[in-house]
Amino acid sequence: MSDIPLLPQVRAFLERDHGLFIHGRSVSAQSSQRIEVVNPADAQVIARVSDAGEADIDAAVASARQGFNAWSQTAPALRSSVLHKLADLLEQHAEELAQLETLQSGKIIQISRAFEVGQAAHFLRYFAGWATKITGQTITPSLPSFNGEQYTAYTLRQPIGVVVGIVPWNFSTMIAIWKLASALTTGCSVIIKPSEFTPLTILRIAELGIEAGLPAGALNVITGLGKVGQALIEHPGTDKVSFTGSVPTGIAVGKTAFGANLTRATLELGGKNSVGFLPDVDIDKAVAGAIEAGFLHSGQICAAGERFFAPRQRIDELMEKLSQRLAALKIGSPLDEGTEFGPVTNRTHQHKLGQFFERARAEQCTIVHGGRLLDREGFYVEPTVILARSLDDTLLKEETFGPIATFLPYDDEEELLAMMNGTPYGLSASLWTNDLGKAMRMVPRIEAGTVWVNMHTLLDPAVPFGGIKASGIGREFGSAFIDDYTELKSVMIRH
Ligand code: TXE
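Residues numbered from 1 in each chain as written. Predicted model: local features only at pLDDT ≥ 70, side-chain atom pairs only at ≥ 80, totals over all residues. Heavy atoms only, no water.

**Quick word on the overall build of the protein chain**
For step 1, the next point in the chain: Helices and strands together make up the secondary structure of the protein chain, namely 15 helices and 22 strands.
For step 2, the next point in the chain: Whereas a compact globule of 495 residues would reach a radius of gyration of roughly 23 Å, the protein chain reaches 24 Å, a difference of no more than 12%.
For step 3, the next point in the chain: Here the C-alpha coordinates of the protein chain stretch approximately 75 × 65 × 40 Å along the principal axes.
For step 4, the next point in the chain: Within the protein chain, buried positions represent 57% of all 495 residues.
For step 5, the next point in the chain: In the protein chain, the share of contacts with a sequence separation of at least 24, taken over all contacts with a separation of at least 6, comes to 74%.
For step 6, the next point in the chain: Carbon and sulfur atoms make up 53% of the accessible area of the protein chain, which amounts to about 19600 Å² in all. (Helix = DSSP H or I, 4+ residues; strand = E, 2+ residues; numbered from the N terminus. Rg over C-alpha atoms; globule rule 2.2 N^0.38 Å. Buried < 20%, exposed > 50% of the residue type's maximum accessible area, 1.4 Å probe, protein only. Contact = heavy atoms within 4.5 Å. Areas by Shrake-Rupley, 256 points an atom, 1.4 Å probe, with all protein chains shown as cover.)

Here's what the structure looks like:
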């Protein structure tokens, strides 16, 4: 097969002189610094965007404050209908957005279509529904009444203000949608700072936001390096940061936010997620499970499984069958609809994965399958299966964020639980078994924000998502996100 043809509107978008999206339109940055956007499939530069400077950041924050004043006063039903309209527009522009996403991230086109656009629209509609359902409580205080006076109290949930949404490169469309939808449905305005590697789709979506009916300033997009994110958090005109990304950057973001007059922070960080196969598991289901947990989008998912624990008597068979499946994957261009496994998103990340392979060899782990960078144009690495020697091996401790499943055998259930929990992180974990009773007893003992049974990685907007331990603070989705985007005001009345 061969690459699908690019839509004319995609070519036209790439050729544009990209500005920043401030106060309802694309404006040229005052900073002259530019960042190259590179196609991971062939290492060619496809566009250049601005690395925003101080004046640009001031302009975006001023616009977002104005946007907040307007948007927070709109009726919840109107906010809901604008977000529904934006979801419609995402679907109407689905192929254009999917192609742009694949060009900037190397994500295979089916994943761009299904997740970055299809799922993003689905999440957006879920968030849109919340606009009209945000409520406080009424409370009867027990204060003394000397002259017949009575008391009534109630709480208000009010939008927090200007939100900074800092987005990583792995799901640059969907994660941006989670952040802007959470902010806009609660009545906040938002400034999105996309990853410097993948800034294009959100610039296009901001234009669709205006078409959907957002007032100028409700949604701004500022491109640039990490320092731009930091300056936005430090800015006195911003009230909250919602960050998704790596643990070290997340900790830095948290410190910056707390140092900036307690700017509120939601941190959704990565980690080192465990996958436990119980002794009764069907081997074919275990292999499919390992693929779902570790290799979707080349493992570049914060919730992906990286630490795989299998019963000692079954581990060889499992790794062998998994290796056979990986060997049959069609590796190729992400714009080819037949491709099952594409490049990773940037050269730095590809090199980092190469260093992990070297570390594994130096620590005498067994490379069961893969373990090399591919010698071809673009940023390709082999899907890899590794047998570690102990829990202290680097590949069982550090987040690789790549297509690497590292295995270790266990002998009994208590040892499995200790291994699964033996990490400072706690974003997600999964158990694979036919014995649901056993799984139900183990689930409460697993230290993770999300535990899946016989599934991994898939998220639903109705189910809260976020990390415990060093994997984050706060929750996205469900009703839980509302607490993070609103302030609770108590009102007491004597009458
Ligand atoms: O991520 P960062 P990077 C891992 C992955 C990858 C490594 C580095 O292993 O190889 O992290 O990737 C912005 N204040 N993950 O550098 O640093 C930055 O511009 C405010 C795991 O891309 O986490 C980008 O928009 N913002 C991961 C965003 O933060 C700052 C997802 C994420 O950048 C900033 C991505 C600062 N001081 C990478 N520094 C996951 N687990 O979800 C950077 N940024």
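**Considering the domain arrangement of the protein chain**
For step 1, the next point in the chain: Domain annotation of the protein chain identifies domain 1 (8-270 + 471-492) and domain 2 (273-461).
For step 2, the next point in the chain: Computed from C-alpha coordinates alone, the two centres of domain 1 and domain 2 are separated by 31 Å.
For step 3, the next point in the chain: The junction of domain 1 with domain 2 conceals about 2800 Å² of combined surface from both sides, 67% of it contributed by carbon and sulfur atoms.
For step 4, the next point in the chain: Taken together, the links from domain 1 to domain 2 amount to 1 salt bridge.
For step 5, the next point in the chain: Taken together, domain 1 and domain 2 are joined by 10 residue pairs in polar contact (both at pLDDT 80 or more).
For step 6, the next point in the chain: Going through the elements one at a time, strand S3 (34-39), helix H4 (94-105), helix H5 (109-130) and strand S11 (264-269) are the ones with two or more residues in the side of domain 1 that touches domain 2.
For step 7, the next point in the chain: Here the residues of the side of domain 1 that touches domain 2 sort into 18 nonpolar, 13 polar and 5 charged. (Domains from an automatic or database assignment. Buried area = accessible area lost by both parts, 1.4 Å probe. Salt bridge = Lys/Arg side-chain N within 4 Å of Asp/Glu carboxyl O. Polar contact = N/O pair within 3.5 Å; in protein donor to acceptor, adjacent residues only side chain to side chain. Nonpolar A, V, L, I, M, F, W, Y, C, P; charged D, E, K, R; others polar.)

**Let's talk about the nonpolar core**
The tendency in soluble globular proteins is for nonpolar side chains to be buried as a group.
For step 1, the next point in the chain: Counting residues in each nonpolar core, the largest one holds 72 residues, and the members touching the most others are Leu90, Leu124, Leu180, Leu184, Val190, Ile192 and Leu200.
For step 2, the next point in the chain: Among the elements that take part in this core, H5 stands out by supplying 10 residues, more than any other.
For step 3, the next point in the chain: Of the residues that make up this core, three or more belong to each of domain 1 (8-270 + 471-492) and domain 2 (273-461).
For step 4, the next point in the chain: Counting residues in each nonpolar core, the second largest holds 27 residues, with Val344, Ala388, Ala429 and Met442 among its members. (Core = buried A, V, L, I, M, F, W, Y, C linked by side-chain atoms within 4.5 Å.)

**Quick word on the sheet that holds strand S5 (residues 138-139)**
For step 1, the next point in the chain: Read from one edge of the open sheet, 3 strands run S5-S6-S22, paired in antiparallel fashion. At either end of the open sheet lies a strand with only one pairing partner, and these are S5 and strand S22 (486-494).
For step 2, the next point in the chain: Pairing between S5 and strand S6 (residues 151-159): 2 bridges, direction antiparallel. Bridging from a neighbouring strand, threonine 138 pairs with tyrosine 154 of S6. (Pairing = 2+ DSSP bridges.)

**Section: the site of the ligand**
For step 1, the next point in the chain: Surrounding the ligand, one finds 23 residues, the nearest of these being Lys193, Glu196, Ser246, Thr249 and Lys352.
For step 2, the next point in the chain: Here tryptophan 169 contributes a side-chain N or O atom positioned 2.8 Å from an oxygen atom of the ligand.
For step 3, the next point in the chain: One of the side-chain nitrogen or oxygen atoms of threonine 249 is found 2.7 Å away from an oxygen atom of the ligand.
For step 4, the next point in the chain: Look at the ligand: alone it shows 800 Å² of surface, and the protein chains cover 87% of it.
For step 5, the next point in the chain: Breaking the shell around the ligand down by element, the ones donating at least two residues are helix H8 (226-234), strand S10 (240-245), helix H9 (247-259) and helix H12 (347-362).
For step 6, the next point in the chain: With 3 residues, H8 is the single largest residue contributor to the shell around the ligand.
For step 7, the next point in the chain: Looking at the shell around the ligand residue by residue, the classes come out as 10 nonpolar, 9 polar and 4 charged.
For step 8, the next point in the chain: Both domain 1 (8-270 + 471-492) and domain 2 (273-461) contribute no fewer than three residues apiece to the shell around the ligand. (Near = heavy atom within 4 Å.)

**Quick notes on the environment of histidine 18**
For step 1, the next point in the chain: Here histidine 18 shows up in the loop between helix H1 (8-15) and strand S1 (20-22).
For step 2, the next point in the chain: Of the residues examined, histidine 18 reaches a relative accessible area of 6% and is grouped as buried.
For step 3, the next point in the chain: Between the C-alpha atom of histidine 18 and that of leucine 269, which follows or precedes it by 251 residues, the distance is 29 Å.
For step 4, the next point in the chain: Those residues within four positions of histidine 18 in sequence are excluded, and the remaining contacts are Phe13, Arg34, Ala47, Arg48, Val49, Ser50, Leu200 and Leu203.
For step 5, the next point in the chain: For histidine 18, the side chain forms a polar contact with the main-chain oxygen of phenylalanine 13, separated by 3.2 Å.

**Looking at the pairing of S3**
For step 1, the next point in the chain: In S3, alternate side chains face the same way, and those of Ile35, Val37 and Asn39 are buried while those of Arg34, Glu36 and Val38 on the opposite face are not.
For step 2, the next point in the chain: Note that S3 and strand S4 (residues 44-50) share 6 bridges and pair antiparallel. Each bridged residue has a counterpart across the sheet, and for valine 37 the counterpart in S4 is alanine 47.
For step 3, the next point in the chain: The hairpin formed by S3 and S4 contains 4 residues between the paired strands, and alanine 43 there has a positive phi angle of roughly 65°.

**Some thoughts on the pattern of salt bridges**
For step 1, the next point in the chain: As enumerated under the stated definition, the model contains 25 salt bridges in all.
For step 2, the next point in the chain: Of the charged contacts, one joins arginine 16 and glutamate 207 as a salt bridge, the two residues approaching to 2.6 Å between their closest N and O atoms. Of this pair, arginine 16 sits in the loop between H1 and S1 while glutamate 207 sits in helix H7 (residues 200-212), and the two are 191 residues apart along the sequence.
For step 3, the next point in the chain: Residue classification places arginine 16 among the partly exposed residues on the basis of a relative accessible area of 37%.
For step 4, the next point in the chain: Residues arginine 359 and glutamate 363 are paired through a salt bridge, measuring 3.6 Å at the closest nitrogen-oxygen approach.

**Focus on the packing of helix H3 (residues 76-92) against H7**
For step 1, the next point in the chain: Running from N to C, H3 and H7 cross one another at 130°; their axes reach a closest spacing of 9 Å. Our classification of the angle between H3 and H7 gives oblique. In this structure, H3 meets H7 at a crossing whose hand is right-handed. Here Val82, Lys85, Leu86, Leu89 and Leu90 of H3 lie close against H7, whose contacting residues are Ile205, Leu208, Gly209, Glu211 and Ala212.
For step 2, the next point in the chain: Partitioning the contact of H3 with H7 into residue classes produces 7 nonpolar, 1 polar and 2 charged. (Axes fitted to C-alpha atoms, helices over the stretch in contact; angles between N-to-C directions. Parallel < 35°, antiparallel > 145°, perpendicular 65-115°, else oblique. Left-handed = near helix turned anticlockwise from the far one by under 90°.)

**Focus: the pairing of strand S7 (residues 162-166)**
For step 1, the next point in the chain: In terms of residue burial, S7 counts as a mostly covered element, since 5 of its 5 residues are buried.
For step 2, the next point in the chain: Of the two faces of S7, the one holding Val162, Val164 and Ile166 and the one holding Val163 and Gly165 are both buried throughout.
For step 3, the next point in the chain: Of the strand pairs in this sheet, S7 and strand S8 (residues 189-193) are connected by 5 bridges, and their pairing is parallel. The residue bridging valine 163 from the neighbouring strand is valine 190, located in S8.
For step 4, the next point in the chain: Viewed along the sheet, the connection from S7 through helix H6 (residues 174-185) into S8 turns out right-handed.
For step 5, the next point in the chain: Where S7 lies against S10, 4 bridges are found, and the strand directions are parallel. Looking at S10, one finds that valine 164 is bridged to valine 241. (Right-handed = clockwise from strand over helix to strand, strands pointing away.)

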